[in-house]
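Observations on the three-dimensional arrangement
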Amino acid sequence: MFGKKKNTIPEIDKEQLELLKTAQERMKQKKRLYAHFVIFLIGSVFLILANTALGIGKDVTFFNIDWFVYAIAIWLFLLIYHVFNVFITSKLLSSKWEEKQLNLMVSKQKQRIAELKTQVEKDFPLPEKKSLKATSKNSEITIIVAAGENNAIGKDNQLIWHLSDDLKRFKNLTNGHHIIMGRKTFESFPKPLPNRTHIVITRQENYQAPSGVIVVNNLEDALDASRTDKQPFIIGGGEIYKQALNLADKLEITRVHANFEADTFFPEIDTSIWKEVTKTRHQKDDKHVYDFSFITYIKN
Ligand SMILES: NC(=O)c1ccc[n+]([C@@H]2O[C@H](COP(=O)([O-])OP(=O)(O)OC[C@H]3O[C@@H](n4cnc5c(N)ncnc54)[C@H](OP(=O)(O)O)[C@@H]3O)[C@@H](O)[C@H]2O)c1
């Protein structure tokens, strides 16, 4: 109560202030009209008494009618004009003014919303719908796989062979890139491979993966997540290869020259779609139990 008066700055904006002023003005107009009415009543009584009781201007008549009747009639006319002004003219002007203000406020709000929208779009750009197309256009989606002559690629969620030169090639080609894989292939690794961005595809909603591993729910999202990579690799397994073969631009196949018993297979390569561009054969040796070839295919 006795505290220091705060130096407050009114927080209402110009438009609100104008509305307030108009409301105050309107109250004043009505008060003035009421005062006019009261003065008119008193004045009229005074004029009547002045003429009849005090005899002021007793002989002044126009067309046989006393002057005070004319005076009161003129005054009444002015009063009616005043009433008209307050309740008709000002009211009409006021509602017009209110509408104008309302439109002004609405247009200001619209402008503000547009500004905010632009700002939000700038700060949080939405991934473009075309992104998948952009990925396939600007980057070379590459499938990398080692498959037997019968297209066998795995058994009991494991590889069937150990070929160290094939692993070296896999490491060299995928180094520094995004590697996209099905959940089962990911779980066949003892731990994530170094220097590669892992993208794991699963239908599970809350699949837990080590930090740094990207988890997605479909192949499209996996490709979208790797859109900054000029050459994302699809590294298996069987289910993912099947879904990705149509989307891929390049195949890096290690063809192991033997038939294997397996539970997972690579799809048949349609040579009317895929063209072999390079092939390097490796003979078996003390480190490699099978003959194998590195073959690169691109889409015809
Ligand atoms: N030879 C090679 O070069 C090579 C390379 C890689 C793997 N492999 C072998 O391949 C075998 C594993 O292949 P796999 O076919 O069994 O499994 P996978 O393709 O690695 O993974 C299958 C899993 O991926 C998820 N998935 C598949 N399609 C999906 C989709 N459209 N949307 C969302 N999630 C999807 C599902 O995970 P959820 O069940 O969690 O939903 C599914 O169970 C292993 O034996 C492995 O060693 C071989």
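Heads up: the structure comes first, above all this text.
Let me sum up the structure you'll find in this document. (Residues numbered from 1 in each chain as written. Predicted model: local features only at pLDDT ≥ 70, side-chain atom pairs only at ≥ 80, totals over all residues.)

**Brief notes about the overall build of the protein**
Heads up, the rule is: Secondary structure is summarised from DSSP: a helix means a run of H or I of at least four residues, a strand means a run of E of at least two, and numbering begins at the N terminus for each. With C-beta atoms placed from the backbone, a residue is labelled by how many other C-beta atoms lie within 10 Å of its own: buried for 20 or more, exposed for 12 or fewer, partly exposed between the two. Contact criterion: two residues are in contact if their C-beta atoms, reconstructed from the backbone, are within 7 Å.
The number of helices and strands found in the protein is seven helices and twelve strands. Within the protein, buried positions represent 18% of all 300 residues. Residue pairs at least 24 apart in sequence account for 68% of intrachain contacts in the protein once pairs closer than 6 positions are excluded.

**Examining the site of the ligand**
Applied cut-off: Each residue receives a C-beta atom placed from its backbone. It is near a molecule or strand if this atom lies within 6 Å of it. We call Asp, Glu, Lys and Arg charged. Ala, Val, Leu, Ile, Met, Phe, Trp, Tyr, Cys and Pro are nonpolar, and the rest, Gly among them, are polar.
Surrounding the ligand, one finds 28 residues, the nearest of these being Gly154, Gly182, Gly236, Gly237 and Gly238. Residue composition of the shell around the ligand, by class: nine nonpolar, 15 polar and four charged.

**Some thoughts on the nonpolar core**
This is how the line gets drawn: For our purposes the nonpolar core covers buried Ala, Val, Leu, Ile, Met, Phe, Trp, Tyr and Cys residues that link as a set through C-beta atoms within 7 Å.
With 34 residues, the main nonpolar core has Ile143, Val145, Ala147, Ile180 and Ile234 as its most contacted residues. Those residues within four positions of Ile180 in sequence are excluded, and the remaining contacts are Ile199, Ile201, Ala222, Ser226, Pro232, Phe233, Ile234 and Ile235.

**Some details on the pairing of strand 9 (residues 250-256)**
Rules: Strands are labelled as partners when DSSP assigns at least two bridges between them.
Of all the seven residues making up strand 9, five are buried; the element is thus mostly covered by neighbouring parts of the structure. As defined by bridge partners, strand 3 (residues 142-148) adjoins strand 9 across seven bridges and the pair is classed as parallel. Across the sheet, residue Thr142 finds its bridge partner in strand 9, namely Lys250. Here seven bridges tie strand 9 to strand 12 (residues 292-299), and the two strands are oriented antiparallel to one another. When the bridges of strand 12 are listed, Thr254 appears paired with Phe294.

**Description of helix 4 (residues 164-174)**
What counts here: Each C-beta atom gives one direction from the helix axis, and the arc is the one those directions make.
Residues Asp166, Phe170 and Thr174 constitute the buried set of helix 4. Projected down its long axis, helix 4 shows its buried positions confined to an angular sector of 50°, all on one face. Of the exposed residues in helix 4, the ones pointing more than 90 degrees away from its buried face are Ser164, Lys168 and Asn172. Each element contacted by the buried residues of helix 4 is listed here: strand 3, strand 5 (178-182), strand 8 (233-234), strand 9 and strand 12. Gly176 lies just past helix 4 and shows a positive phi near 80°.

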